[in-house]
Amino acid sequence: MEDIQEFSEVKFQGIKINYLYICKRKLWLFSKNITFESTSDKVLLGKVLHEYSYPKENTKEVLIDNLVMIDILSDGSIREVKYSSKMKEADIMQVVYYLYYLKQKGIQKQGIINYPKEKRKEVLELTPEYKEKVKQALKEIEEITTKPIPPPAQKQKICKSCAYFEFCWG
Amino acid sequence: MQKSLYLTSNGRLRRHENTLYFETEVEKRSIDIENVEQIHIFGEVDLNTKALNYISQYGIVLHFYNYYGFYAGSFLPRKKNVSGDVVVRQALHYLDREKRLFLAYCFVESAVYHMMRNLRERKEAEAFLIAIEDEWGKGRFNISNIAELMGLEGRIRNIYYQSFNQFLPEDFAMEKREKRPPTNPINALISFGNSLIYSHTLSQIYQTQLDPTISFLHEPSEKRFSLSLDISEIFKPLIVDTVIFKLLNNRQISLEHFDEDLNYCYLNQEGKKIFIKEFQSKLETTVRHRQLNRNVSYKGFIRLECYKLIKHFIGDQVYSPLKAWW
C-alpha cells in the first residue's frame, strides 16, 4: 500500500530513468521538452530498428497510462529493443522500472532487453534490490528535473554520439 | 545534411502517392522529400492541401518570395519541438530592460565585428575601417537603451556601405542604402540576399524551441518573426555580403542580370539563379569548430547561435555571439 501511494506521486516516462543513468543534463533538458532527437541520425537508426525488428510480433509499442511505452508485450514478458548494449545499466533500469510500474497495477512479468544487432538478450526479474534502486532513481529524477537550471555539461565518451552534442558543446 | 530546395521556375508542387513532384511545362521532377529541410519558392507555383499536408509530415518549411525576390511569407508546419519553459524564459529576457539590452548589444557587436572583418583585408577600404573602429570604440560604452544602440548601428552601417565603392566594380556604385524599393543594382543585391538569410535563419529557429516572434534588438511588433531579423544581423555581413563581393568581383553578376522599371531595380531570373547558387554553396561551406572539433557549415553556425540563445535563456551559459575566428 505504502508503495502505491509513493508511486502515484512520482511517475515518469521510462526514458527518463534511462537518461538518469546516461546523463543528468540530458534528463533535465528532456524534462523541459528541449529535445534535438528529430535531427539526429543515430535516433533515426534506432527508430528504424524498432520498426523493422520482430515483424511477427503484433503487440508492439504499447502505451500504458499515456506514460510508459512498452516495445513488445507478450504473455509472460515485456521486451525492450535497443540498438547497442553500450548503456546496459541504463537499459536495465528502464526495464526494471517498467516491471515495477506494472507490478503496482497487479501485473507480473519478466523483462527482456533485446539487442538485435548484437544478437544478444538480457533477461530480468524485479528483485528487491532492483525495486529499491528504482525507488531511489525516481526520487533522483524528481530532484533533478525540478531544479531551475540544468546540470552543467560534463564531457563523456558518449557525448559525441549524442543528439545534444552540438547544443552542449557548441 | 538536409537540403534547401529552390524553385525558380513556374510550375506545380504535386503529391502523387508517396512522392512529391515539381512539374513544370517542360519536365516532371521528383523530390527526395526525406532529405529536404526547406523549400524556397521564387516562381509562380501552384500547390494544394494534399501537397501541403504531405510536406508538413516531414516538417519541411516553405518560404515564399514575390516576383521581385522579396520575402513574402512562410508556411511552417505544426511545430514538434515546443518547450513552454524556454518560451516563458525567452519572454522574461525581453521584458527585463537590462537583459534585453544585453542581447541586443550582442547582436550588434557581432554584426559590427563581421563588418570590420570584411574590410580588414581590403587596403582600399582602410579609411572606412578606421572610421568604423572609431565610431564603435567611442559609441559602444555610451548606450543606455535600444534606440541609441540602433542609432550607433545605423551610423556604422552607413560607413560600411559607403566603403563598398572602394572595392566593387564601378557599375555597382552605391550612393546610399535604399530598401523599399531598391533603385539600383547593389541595393537590389543586398535586399535579395537579406531576404534569403532571413528565411534561412527562420528555418533554423523553427528546428529549435525558440519562439521566432520574441526578439530583442528589433521590436517584436516590427515583423512577424523578428527574432529572425535579430539573428540575421550576425550573418548578413558574414554570408550575404561576402557572396555579393565574390559575385561582383568575379564578374559573375553584371548589369545584364537586372531588370528595372519605374525606379525599381531587381534581379532577373538568371541573376537570381546565379546568386542562389553561390549563396547555397556558401551556406554549405564548412569550418572546423574549435570546441566541437567538428566541421560546421555556415548554416550550422546559424543553428548553433539558436542553441546558445536557448542556453542563455535557461540560465545555463551566458550568450556570447559568434565572432568568426577563421
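This is a predicted model, so every value here is computed, not measured.

(A) Region of the structure containing the overall build of chain A. Of the regular secondary structure elements, chain A holds seven helices and five strands. In chain A, the succession of α and β elements from N to C terminus is α-α-α-α-β-β-β-α-β-β-α-α. Against the compact-globule benchmark of 15 Å for 170 residues, chain A has a radius of gyration of 16 Å, which places it among compact chains. Projected onto its principal axes, the C-alpha coordinates of chain A cover approximately 45 × 40 × 25 Å. Relative to its full complement of 170 residues, chain A shows a buried share of 45%.

(B) Here's a closer look at the confidence of the model for chain B. With 100% of its residues at a pLDDT of 70 or more, chain B has an overall mean of 93. The complex model carries a pTM of 0.91, and its ipTM stands at 0.87.

(C) Representation of the sheet that holds strand β4 (residues 28-31) of chain B. Residue and element names in this part refer to chain B. Spatially, four strands are ordered β4-β3-β2-β6 in an open sheet, and the strand pairing comes out mixed. Of all strands in the sheet, those bounded by a partner on one side alone are β4 and β6 (45-47). Ignoring strand direction, the axes of neighbouring strands in this sheet form an average angle of 25°. As paired elements, strand β2 (residues 11-16) and strand β3 (residues 19-23) share five bridges and run antiparallel to each other. Counterpart to Leu13 in the pairing with β3 is Phe22.

(D) Highlighting the side chain of Gln280 of chain B. All names here are of chain B. With respect to the helices, strands and loops of the structure, Gln280 is situated in helix α8 (residues 269-284). Its relative accessible area of 11% is what places Gln280 among the buried residues. Apart from the residues lying within four places of it in its own chain, the contact partners of Gln280 are Ser4, Tyr6 and His200.

(E) Quick look at a nonpolar patch on the surface. Residues Leu44, Val48 and Tyr52 of chain A make up a contiguous nonpolar surface patch of roughly 340 Å² in combined accessible area. One can find Leu44 of chain A in helix α4 (residues 41-52).

(F) The arrangement of the pairing of strand β12 (residues 294-297) of chain B in detail. Residue and element names in this part refer to chain B. As judged from the four bridges shared by strand β11 (residues 286-289) and β12, these two strands associate in the antiparallel manner. Bridged to His289 within β12 is Arg294. In this structure, the hairpin formed by β11 and β12 is closed by a connection of four residues, where Asn293 is found at a positive phi of approximately 55°.

(G) Inspection of unusual backbone geometry at higher detail. Although it is not a glycine, Asn33 of chain A sits at a positive phi angle of roughly 65°. With respect to the helices and strands, the residue Asn33 of chain A is situated in the loop between α3 (24-31) and α4. Even without being glycine, Arg251 of chain B reaches a positive phi, approximately 55°. If you trace the backbone, Arg251 of chain B turns up in the loop between α7 (226-249) and β9 (258-261).

(H) Representation of the interface of chain A and chain B in the model. The partner chain B presents 21 residues to the 21 residues of chain A that form the contact. Here chain A and chain B share an interface that buries about 1,800 Å² over both sides, 53% of which is from carbon and sulfur atoms. Interface area lost by chain A to chain B is led by Glu166, Phe167 and Gly170 of chain A, which between them contribute 29%. With a closest N to O distance of 2.6 Å, Asp316 of chain B and Arg25 of chain A form a salt bridge. Inspection of the chain A/chain B interface yields nine residue pairs in polar contact (both at pLDDT 80 or more). Residue composition of the side of chain A that touches chain B, grouped by class: 11 nonpolar, five polar and five charged.

(I) Local environment of α7 of chain B. Relative to the 34 Å expected for 24 residues at 1.5 Å per residue, α7 of chain B spans 32 Å between its end C-alpha atoms, a close match to the ideal helical length. In terms of residue burial, α7 of chain B counts as a mostly covered element, since 22 of its 24 residues are buried.

(J) Just the environment of Lys80 of chain B, in detail. All names here are of chain B. Residue position: Lys80 is located in the loop between β8 (71-75) and α2 (84-95). What makes Lys80 exposed here is its relative accessible area of 61%. It is 9.4 Å that separates the C-alpha atoms of Lys80 and Tyr206, two residues lying 126 residues apart in sequence. Look past the residues within four positions of Lys80 in its chain and what remains in contact with it is Gln57 and Gly59.

(K) Broad picture of the packing of α7 of chain B against α8 of chain B. Residues and elements named next belong to chain B. Between α7 and α8, the shortest axis-to-axis distance is 10 Å and the interhelical angle comes to 130°. Classed by the angle they form, the pair α7 and α8 counts as oblique. With respect to the hand of their crossing, α7 and α8 are arranged in right-handed fashion. Across the interface between the two elements, Leu238, Ile239, Val240, Thr242, Val243, Ile244, Lys246 and Leu247 from α7 touch Ile274, Phe275, Glu278, Phe279, Lys282 and Leu283 from α8. Of the residues contributing to the contact of α7 with α8, the split by class is 10 nonpolar, one polar and three charged.

Reading the values: the criteria
- Residues numbered from 1 in each chain as written.
- Chains lettered and ligands numbered in written order.
- Predicted model: local features only at pLDDT ≥ 70, side-chain atom pairs only at ≥ 80, totals over all residues.
- Heavy atoms only, no water.
- Helix = DSSP H or I, 4+ residues; strand = E, 2+ residues; numbered from the N terminus.
- Rg over C-alpha atoms; globule rule 2.2 N^0.38 Å.
- Buried < 20%, exposed > 50% of the residue type's maximum accessible area, 1.4 Å probe, protein only.
- pLDDT = per-residue confidence, 0-100.
- Pairing = 2+ DSSP bridges.
- Axes fitted to C-alpha atoms, helices over the stretch in contact; angles between N-to-C directions.
- Contact = heavy atoms within 4.5 Å.
- Patch = residues over 30% accessible without salt bridge, like charges linked within 9 Å, V, L, I, M, F, W, Y side chains within 5 Å.
- Areas by Shrake-Rupley, 256 points an atom, 1.4 Å probe, with all protein chains shown as cover.
- Salt bridge = Lys/Arg side-chain N within 4 Å of Asp/Glu carboxyl O.
- Buried area = accessible area lost by both parts, 1.4 Å probe.
- Polar contact = N/O pair within 3.5 Å; in protein donor to acceptor, adjacent residues only side chain to side chain.
- Nonpolar A, V, L, I, M, F, W, Y, C, P; charged D, E, K, R; others polar.
- Expected span 1.5 Å × (residues − 1).
- Parallel < 35°, antiparallel > 145°, perpendicular 65-115°, else oblique.
- Left-handed = near helix turned anticlockwise from the far one by under 90°.

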